[in-house]
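Read off the chains here:
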Number of protein chains: 2
Amino acid sequence: MSAAKKPTLAVVGATGAVGTVMLGILSERADVWGEIRLIASPRSAGRKLTVRGEQVEVIALSEEAFEGVDIAMFDVPDEVSAQWAPIAAAKGAVAVDNSGAFRMDPDVPLVVPEVNAHAARVRPRGIISNPNCTTLSMIVALGALHAEFGLSELIVSSYQAVSGSGKEGIDTLRDQVAKVAGTDLGSQPGDVRRAVGDLGPYPAPIAFNVVPFAGSLKEDGWSSEELKVRNESRKILGLPDLRVTATCVRVPVITTHSLTVHARFENEVTVAGAHEILSTAPGVVLCDNPAEGEFPTPADVVGTDPTWVGRVRRSLDDPKALELFVCGDNLRKGAALNTAQIAEVVAAELAAA
Amino acid sequence: MSAAKKPTLAVVGATGAVGTVMLGILSERADVWGEIRLIASPRSAGRKLTVRGEQVEVIALSEEAFEGVDIAMFDVPDEVSAQWAPIAAAKGAVAVDNSGAFRMDPDVPLVVPEVNAHAARVRPRGIISNPNCTTLSMIVALGALHAEFGLSELIVSSYQAVSGSGKEGIDTLRDQVAKVAGTDLGSQPGDVRRAVGDLGPYPAPIAFNVVPFAGSLKEDGWSSEELKVRNESRKILGLPDLRVTATCVRVPVITTHSLTVHARFENEVTVAGAHEILSTAPGVVLCDNPAEGEFPTPADVVGTDPTWVGRVRRSLDDPKALELFVCGDNLRKGAALNTAQIAEVVAAELAAA
Ligand SMILES: NC(=O)c1ccc[n+]([C@@H]2O[C@H](COP(=O)([O-])OP(=O)(O)OC[C@H]3O[C@@H](n4cnc5c(N)ncnc54)[C@H](OP(=O)(O)O)[C@@H]3O)[C@@H](O)[C@H]2O)c1
Ligand SMILES: NC(=O)c1ccc[n+]([C@@H]2O[C@H](COP(=O)([O-])OP(=O)(O)OC[C@H]3O[C@@H](n4cnc5c(N)ncnc54)[C@H](OP(=O)(O)O)[C@@H]3O)[C@@H](O)[C@H]2O)c1
């Protein structure tokens, strides 16, 4: 590609929950793109969507759709990515995939630009993966602390928003909340379960409740979401033996995942030292003054780009461990934003080549 | 007291959130009581409340109100207990206190009958304390596992219901939910904060949100609630040096606290071994078959007496550690029920004397 020509970007899945946020993000960020081509299923072909203030017609996914594309983002279900990202790569595009299809493939880098931008350069299959939203909601802050103190163990519990389950999750919470609002329910077993009726994508009510299960069941009682946090954190940080334990819980929040984090390091840590790192790390906002009511909550973090960190405490039993409360918008940094950042890293590489 | 005469019980704070649940519990359980005397502030004197199917008139708190009382339960604010429990004890009653006034007093036992009933016998001040609701929501299950495997460390995160903040918490969540139900809010920072208006007892919105702070701020960034979980767990289990780390988070659930627990033991553990203990331990229900969607959630546990345990997994990095998800009704076992059980233990002791 000549340095003069701006790269052509394809957004596959432009009509979805992540795709919609992506078009907003592409419209806000410094514009490094030539053509932006919008792709979805044949159901959406001909629809017009707005990006960079212009109406662009959606085209159906096909091999020809990747003609002349330099970078192709995939914001589509796993099986669609599994089939089509290699096709885009074969056509000469770099595929940046937001699905779970390739994340643990040893020939596909798993990239968070603030943590391991360098890994994006080595992509034997022409594909780069974007981590899952729960890992992404914490990993920028943990990467910064790891660089200074050397991470040895993570024990995390999540408070995951329903938009992590796509539009169906949002609709389910809104429907259920409408049914329990104004009632006196919530003091007898099964009250809420009977009132909400349809459970949507969840195995239990999500209004006036928390659900200690996300994803599908894997070996020994672990959920797929819990194993993703473990395996993806290890891969991103380049620590294949890192001790990582996660318990993933869905909560009645629309958007923005939160996590409590017990992080153990090789070296002694102090709250002051952690504050210094977190207040200067790119992509992190330190919000930690509980005396003034300052700590991150999903309602205040939603719609913003950074990873927010508060409630920083040193473990009372272990001078090498910190406790943190972390929030990140699962549709922005947790999905679309990180993909956009990866695409920009690749665009810069292509421009320099 | 003669074995023939049933003991006289006083319920101080009979009109409050915990007191109301207490009257229900006293009406349901095996009836070991003679007179049940209902006491509250002068504001409530003359009101009639139902207990054991009978109308009983509330009397105002005074020294004379304890005349002839064998056991006096206190379900009142800390400062009322601090003043009046010693007066009841001086009048010859055994005081069982649900407030935080005496829990860490070395001369006051902190009792959970399934775990340390024996401690109730040694009460130099004539006062027995009931633990806080967050500790109580997990400690029966952990006590059973400790007896078998020997506990060495707890790292817990809470998902605490609003009724833990009394009636004001419940009203605040209901009001806020009514304001956000049916809206499209929740994707821009501050949306929910502006919509809900009054924050009630919380430092941030509680509808469509989670709030990583409960109680008041103590040294080094810890909240009072987090230190209570630490100090009270140690005292109940008789393990003054137990490593305990808690992060306490409020969630939009009406009643029933949940916790994720990382529990480390002196000895190796297995899921099968933990299942065996938890399925037979008094006061515990094992609910752990995620393949069939079986795990405890607040909506199903509320209104029941036991501590429910699910999502039992052995840590992938540590054969001595278990992960658990635990739920307990914070108004029943977390407050009124445990107090009633302590009072019954004392009644049995008095009858045998
Ligand atoms: N939601 C999150 O927090 C989150 C976070 C990280 C990663 N992700 C991942 O991102 C991906 C998209 O998630 P989402 O929540 O945006 O899903 P979604 O709202 O269901 O959107 C799916 C998108 O894929 C398109 N699509 C579906 N089948 C297709 C096909 N056969 N050919 C072409 N396009 C097809 C849809 O187009 P039509 O509109 O034409 O059907 C739509 O644009 C998933 O892999 C998800 O796991 C989601
Ligand atoms: N809510 C929970 O989950 C929970 C759990 C564990 C422990 N606790 C503890 O239990 C206690 C009661 O909590 P709650 O939620 O039931 O509070 P609440 O709903 O505010 O009830 C307070 C009770 O105390 C009485 N009272 C207040 N001031 C008094 C005074 N000066 N003299 C006599 N009676 C007085 C009130 O009587 P009037 O109606 O006459 O004002 C009422 O009966 C507190 O110490 C709390 O920390 C609560």
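Residues numbered from 1 in each chain as written. Chains lettered and ligands numbered in written order. Predicted model: local features only at pLDDT ≥ 70, side-chain atom pairs only at ≥ 80, totals over all residues. Heavy atoms only, no water.

Under the convention used in this document: UniProt positions are given in the numbering used here, feature names are shortened, and annotations may be inferred rather than shown by experiment.
Where an unreviewed UniProt entry is consulted, chain A appears under the name Aspartate-semialdehyde dehydrogenase, with the organism given as Streptomyces pathocidini. Under the heading Subunit (unreviewed entry), UniProt records this for chain A: "Homodimer." Taken directly from UniProt, the Sequence similarities (unreviewed entry) text for chain A runs: "Belongs to the aspartate-semialdehyde dehydrogenase family."

Structural notes on empty space enclosed by the protein
Short version of the rule: The definitions used throughout rest on a 1 Å grid laid over the protein atoms alone, on which a cavity is an enclosed set of points accommodating a 1.4 Å probe that cannot get out and a pocket is an open set flanked by protein within 12 Å on both sides along at least five of seven lines; lining residues are those having an atom within 4 Å of a point. Grid points are joined across faces, edges and corners, and a volume is the space filled by probe spheres set on the points. A run of DSSP states H or I qualifies as a helix once it reaches four residues; a run of E qualifies as a strand once it reaches two. Both are numbered from the N-terminal end. All residues other than Ala, Val, Leu, Ile, Met, Phe, Trp, Tyr, Cys, Pro, Asp, Glu, Lys and Arg, Gly among them, are scored as polar; the first ten of these are nonpolar and the last four charged.
In this structure the tally under the stated criterion is five cavities of 30 Å³ or more. The wall of the largest cavity is formed by 17 residues, among which Ile155 and Ser157 of chain A together with Ile155, Ser157 and Thr260 of chain B lie closest to the centre. Of all the secondary-structure elements, those providing two or more residues to the lining of the largest cavity are β9 (151–159), β10 (243–247) and β11 (257–265) of chain A together with β9 (151–159) and β11 (257–265) of chain B. Taken as a whole, the second largest cavity encloses approximately 70 Å³ of empty space. As for the second largest cavity, its lining consists of Leu173, Val177, Val180, Phe208 and Pro252 of chain A together with Leu173, Val177, Val180, Ala207, Phe208 and Pro252 of chain B. Broken down by secondary-structure element, the contributors of at least two residues to the lining of the second largest cavity are α5 (166–180) of chain A together with α5 (166–180) of chain B. Of the residues belonging to the lining of the second largest cavity, the class tally is 11 nonpolar, no polar and no charged.

A word on the interface of chain B and chain A
Note the following rule: Here a residue-residue contact requires only that any non-hydrogen atoms of the pair lie within 4.5 Å. Here the quantity called buried area is the total loss of accessible area, with a 1.4 Å probe, experienced by two parts when brought into contact, counted for both. Each reported salt bridge corresponds to a side-chain nitrogen of Lys or Arg within 4 Å of a carboxyl oxygen of Asp or Glu. As used in this structure description, the phrase polar contact means that two N or O atoms lie within 3.5 Å; if the pair is within protein, one of them must be able to donate a hydrogen and the other to accept it, and residues adjacent in sequence are counted only when both atoms belong to side chains.
Contacts between the two partners involve 72 residues from chain B, matched on the other side by 72 residues from chain A. Between chain B and chain A, roughly 5800 Å² of surface is buried when both sides are summed, and carbon and sulfur atoms account for 60% of that area. Note that Arg230 of chain B is salt-bridged to Asp317 of chain A, the shortest N-O span being 2.9 Å. Joining chain B to chain A, the criterion identifies 30 residue pairs in polar contact (both at pLDDT 80 or more). At five residues, the largest contribution of residues to the side of chain B that touches chain A is made by strand β10 (residues 243–247) of chain B. Its residues assigned to classes, the side of chain B that touches chain A shows 37 nonpolar, 20 polar and 15 charged.

Notes on the relation of the copies chain B and chain A
Stated formally: The copies are overlaid by a least-squares fit using only the C-alpha atoms of residues whose pLDDT is at least 70 in both copies.
Superposition record for chain B on chain A: RMSD 0.0 Å, screw rotation 180 degrees, translation along axis 0.0 Å. What the superposition gives is, in effect, a two-fold axis relating one chain to the other. A shared binding surface is used by both copies, with 100% of the interface residues of chain B retained as interface residues in chain A.

Here we look at the UniProt feature "binding site: substrate" (unreviewed entry) in chain A
All names here are of chain A. So the rule is basically this: Remark: exposure states derive from per-residue accessible area (1.4 Å probe, protein chains only) relative to the maximum for the residue type, with buried under 20%, exposed over 50%, and partly exposed in between.
The feature "binding site: substrate" (unreviewed entry), as given by UniProt, occupies Gln160 and Arg250 in the numbering adopted here. Separation in sequence by 91 residues is not matched in space for these annotated residues, since their most distant C-alpha atoms are only 4.6 Å apart. As for its position among the elements, Gln160 is in the loop between β9 and α5. Owing to a relative accessible area of 1%, Gln160 belongs among the buried residues under this scheme. In this view, Gln160 contacts Thr134, Ala214, Glu225, Cys248, Val249, Arg250, Val251 and His257; residues no more than four positions away in its chain are not counted. Within the structure, the side chain of Gln160 is placed 3.1 Å from the side chain of Glu225, a separation counted as a polar contact. With respect to the secondary-structure elements, Arg250 resides in the loop between β10 and β11.

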